[in-house]
Every structure is written in structure tokens, then in C-alpha cells.
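Descriptive analysis of the structure
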Amino acid sequence: MSCDFTKLATPGVAGLTPYHPGKPVEELERELGIRDIIKLASNENPLGPGERVLDGLKTLPDLGRYPDGSAFRLRQLLAAKHDVEPNQLTIGNGSNDVLELVARTFVQPGDEVIYSDHAFAVYALATQAVSGRAVVIPALDYGHDLKAMAAAVTEHTRVIFIANPNNPTGTWLSAGALQQLLKSVPETVIVLIDEAYFEYADAVDYPDTSQWLADFPNLIVTRTFSKAYGLAALRIGYGLSHPQVADLLNRVRQPFNVNAVALLAAEIALGDAEHISQSIELNARGMEQLCRGFDSMGIHYLPSLGNFVCIDLEQPAQEIYQQLLQQGVIVRPIANYGMPNHLRISIGLEQE
């Protein structure tokens, strides 16, 4: 090949390292011929979707027709759930989609984007793809140092990404700390609080920041149906924001970015409070089970409000990860997050 096509790509894209998801079950089956694999790598709900969703999807939408590009019914339901107007919602192909929409909408080449070390990898990917300048703040006890993040804001700052709870560490931020940050940041800086694990977070000081939208017009809150709702395969999430912000995001959003099956499943899942309760209870029991085991083994772990726990092996974790694969157990090494001695382990079923 005579042409180097990487030279034709934008600088941000040419330098990107693709996101590496957890190893799929099918891949391990092909590699080692193992069956009955336990996958605890991708923070999925081990219960999957609820029975109401499965029953509702027995009659599929007309697959020959485009989905409702405005997601009218789902936006109505979500607006009622969060006590906002439907024009404050942006529906995404997973909440990940909304993160990228924010970068594409508000970040020009050279603009600054602030996020924490050990934070969700997509913040870096979305920033670099639009040739933004990443300002990575050193972690505080493996979590976000909000005071340092506020101090790093300049006239060139456009977006601050914050995960609460954070993936992959499970650390979380209190209501008071987050409000202090929001009050100290100029309204010209978009603050996105990623609450993908919101349903699992049960600490008394953990806030529902979707209730703060009227007070902070530069706030965006993202949620997902991939975790507690058990719809990871369908890829659907959403963002809540000021109507003008949502309008801008929806201008960038691709037509029909969420398929009709995902829309229907999300609409049904929102009404299935019993399944959410079961998922949360299972997660709490599983977290206690794992942490009790780690305590007995003398393995240090980070307290977590997610559906996963991050353990410190005090040595490079890759060898243990490979040995677990040989046993048919998939967990997640997180050296790419700057944590080579740690493994992230999702909460599975009791027997898993």
C-alpha cells in the first residue's frame, strides 16, 4: 500500500488508541475451548432484563420502519421520572453516546477538557477525537480531587467530566463537595456528571444531581439503561440538561441513533420497579460476599458504590488475570487506567 491513510485523518483521530472492552465470553471459548464461563468483567447486570421487558419484546416493533427519531414516548416517561421538561432530554446510544455528543458540541481543537486520573476511559477518547486538550487531574485516594479540578479551570476550559460513582475505582463524591464545585465554576464551563451506576449507590451522602438542573444551567447529568436495568446489549442511555444545552446536543445527535427495540425495552423497564429492586438487592449481597472473601484472603479493595469492586494485588495483575482465564473466569485488568496492580471485578450471581 503506497498511501498512509493515518496522515489523512485528523490529528486527534490519528493518535487515538481504541477502547478495549472486557473479553467476550465467545472469545475465551474460541481461545481455550472452555464452557460455562463466568464473566465478571464488564459491570453488566447478571440478572439481565426483567420479565416485563422480555414479555414486551415478544411482539417486536415493525423492523422495516425507522424508529421514532425524537424518542417521544421515552422522553415523556423520563421527564415525568425526573420532574423536568421533555426538551431537557437527549437520548443516546448508551450514555457513552451522550458523552461524545458533549465533546463534539462544546469542544473545539485546543479547548481544555478536565477529568480525573483513573476516570472512565471514554472521557479521554472523546476529548482527543475532537482535538481537545486533556487536563488530567491526579486522583485523590483513587477518586476525584474536586478542589484541584476547580483550580485547573482557565478561560480555555470548556468541559469537566466527573463520574459518580467512578469507574473503575467505585469511589464517589458527596452532595456538598459537588455543589461546591458547581458553584465555583463559571457558567461557561459545562460540568457533566456521569451517573451510570446511580441505582446502585446507597451512601447517605450520595446525591441525585438531576435535581440540581434548575440551579446550575451548565450541568449535564447522564444515566444509562445498561447497568441496573439490564439492557446493555441494546445500548440506550440519556442526558438531562438545560433546554438550550439539550437542543444543541440534539442538533449533533445522529438521526435514529437509538433503535426501536431499545426504545421499547427502555419504556417498559422504567415501569418495572420490582426488577430494579431485585437487581439492587442482588448487588448488595454480592458486594458483601466478595468483600468478605477478600477480607479473609487479606486482599485490599477499594470501597465501591457501583456494581463492581476494584482489588489491589500489590503486584502486576496480568498474571493473575491470565490464570483466572484458564479457570474460565473473566475479570478486568485496568493497567490502561494507570492501575497495573489492580483488577476490577463485577458483581455476579451468588454462585459466580
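Just above sits the structure.
Here the structure is a predicted model, which is why all the values come from computation and not from measurement.

Another point: the overall build of the protein chain. Within the protein chain, the regular secondary structure consists of 12 helices and 13 strands. Here the C-alpha radius of gyration of the protein chain, 20 Å, is about what a compact globule of 352 residues would show, namely 20 Å. If one aligns the C-alpha atoms of the protein chain with their principal axes, the spans along those axes are about 60 × 50 × 50 Å. In the protein chain, buried positions account for 51% of the 352 residues. A separation threshold of at least 6 residues defines the contact pool for the protein chain, and within that pool the share at least 24 residues apart is 73%. Working note: accessible area of the protein chain is about 16800 Å², and carbon and sulfur atoms make up 52% of it. One finds the centroid of the 25 positive side-chain charges in the protein chain at a distance of 6 Å from the centroid of its 41 negative side-chain charges.

Relative orientation of the contacting elements helix 4 (residues 72-82) and helix 10 (residues 260-270) amounts to 30 degrees, with a least axis distance of 9 Å. It follows from the interaxial angle that helix 4 and helix 10 lie roughly parallel. Seen from above, helix 4 lies across helix 10 with left-handed handedness. Note on element contacts: helix 10 touches helix 4 through Leu263, Ala266, Glu267 and Leu270, opposite Arg73, Leu74, Leu77, Leu78 and Lys81. In terms of residue class, the contact of helix 4 with helix 10 is built from six nonpolar, no polar and three charged.

Glancing now at the pattern of salt bridges. Applying the stated criterion across every chain yields a total of 12 salt bridges. Between glutamate 31 and lysine 23 there is a salt bridge; the shortest N-O distance is 3.2 Å. Residue classification places glutamate 31 among the partly exposed positions, given a relative accessible area of 47%. We classify lysine 23 as buried; its relative accessible area is 14%. One network of salt bridges, in which partners are shared, links Lys23, Glu27 and Glu31.

Considering the arrangement of structural elements, one finds valine 252 in helix 9 (residues 243-252). Separated by 56 residues in sequence, valine 252 and phenylalanine 308 have C-alpha atoms that sit 33 Å apart. Apart from residues no more than four positions distant in its own chain, valine 252 is found in contact with Leu101, Arg104 and Thr105.

Below, the discussion takes up the environment of glycine 237. In this fold, glycine 237 is placed in strand 8 (residues 237-240). With relative accessibility at 1%, the residue glycine 237 sits in the buried group. Separated by 140 residues in sequence, glycine 237 and aspartate 97 have C-alpha atoms that sit 7.9 Å apart. The residues contacting glycine 237, other than those within four sequence positions of it, are Thr90, Ile91, Gly92, Gly94, Ser95, Arg223, Thr224 and Phe225.

A complete count under the given rule lists 10 aromatic pairs for this structure. Within the aromatic cluster, the residues linked to one another by ring pairs are Tyr115, Phe120, Tyr123 and Phe161. The side chain of arginine 344 reaches across the aromatic face of phenylalanine 308, ending 5.8 Å from its centre.

In this section: the side chain of threonine 169. Tracing the backbone through its elements, the reader meets threonine 169 in the loop between strand 5 (157-163) and helix 8 (175-184). By relative accessible area, threonine 169 is classed as buried at 0%. A polar side-chain atom of threonine 169 sits 3.2 Å from the main-chain carbonyl oxygen of tyrosine 142. For threonine 169, the residues in contact, after removing those within four places along its chain, are His118, Tyr142, Leu302, Pro303, Phe308, Cys310 and Met339.

We now examine helix 5 (residues 95-106). For helix 5, spanning 12 residues, the distance from its first C-alpha to its last is 17 Å, which sits close to the expected 16 Å at 1.5 Å a residue. Where helix 5 is concerned, the buried positions are Ser95, Asp97, Val98, Leu99, Leu101, Val102, Ala103 and Phe106.

The next subject is the pairing of strand 6 (residues 190-194). Strand 6 sits mainly inside the fold: five of its five residues count as buried. The alternating pattern of strand 6 places Ile190, Leu192 and Asp194 on one face and Val191 and Ile193 on the opposite face, and all of these are buried. The pairing of strand 5 with strand 6 spans five bridges and is classified as parallel. Across the sheet, the residue bridging to isoleucine 160 is valine 191, located in strand 6. With helix 8 bridging strand 5 and its parallel neighbour strand 6, the resulting β-α-β unit is right-handed. Bridging between strand 6 and strand 7 (residues 219-224) involves four bridges; their strand directions are parallel. Looking at strand 7, one finds that isoleucine 193 is bridged to valine 221.

Reading the values: rules and limits
Residues numbered from 1 in each chain as written. Predicted model: local features only at pLDDT ≥ 70, side-chain atom pairs only at ≥ 80, totals over all residues. Heavy atoms only, no water. Helix = DSSP H or I, 4+ residues; strand = E, 2+ residues; numbered from the N terminus. Rg over C-alpha atoms; globule rule 2.2 N^0.38 Å. Buried < 20%, exposed > 50% of the residue type's maximum accessible area, 1.4 Å probe, protein only. Contact = heavy atoms within 4.5 Å. Areas by Shrake-Rupley, 256 points an atom, 1.4 Å probe, with all protein chains shown as cover. Lys, Arg positive; Asp, Glu negative; His and termini not counted. Charge placed at Lys NZ, Arg CZ, Asp CG, Glu CD. Axes fitted to C-alpha atoms, helices over the stretch in contact; angles between N-to-C directions. Parallel < 35°, antiparallel > 145°, perpendicular 65-115°, else oblique. Left-handed = near helix turned anticlockwise from the far one by under 90°. Nonpolar A, V, L, I, M, F, W, Y, C, P; charged D, E, K, R; others polar. Salt bridge = Lys/Arg side-chain N within 4 Å of Asp/Glu carboxyl O. Phe/Tyr/Trp six-rings, centres within 6.5 Å; stacked < 30°, edge-to-face > 60°. Lys NZ or Arg CZ within 6 Å of the ring centre and 35° of its normal. Polar contact = N/O pair within 3.5 Å; in protein donor to acceptor, adjacent residues only side chain to side chain. Expected span 1.5 Å × (residues − 1). Pairing = 2+ DSSP bridges. Right-handed = clockwise from strand over helix to strand, strands pointing away.

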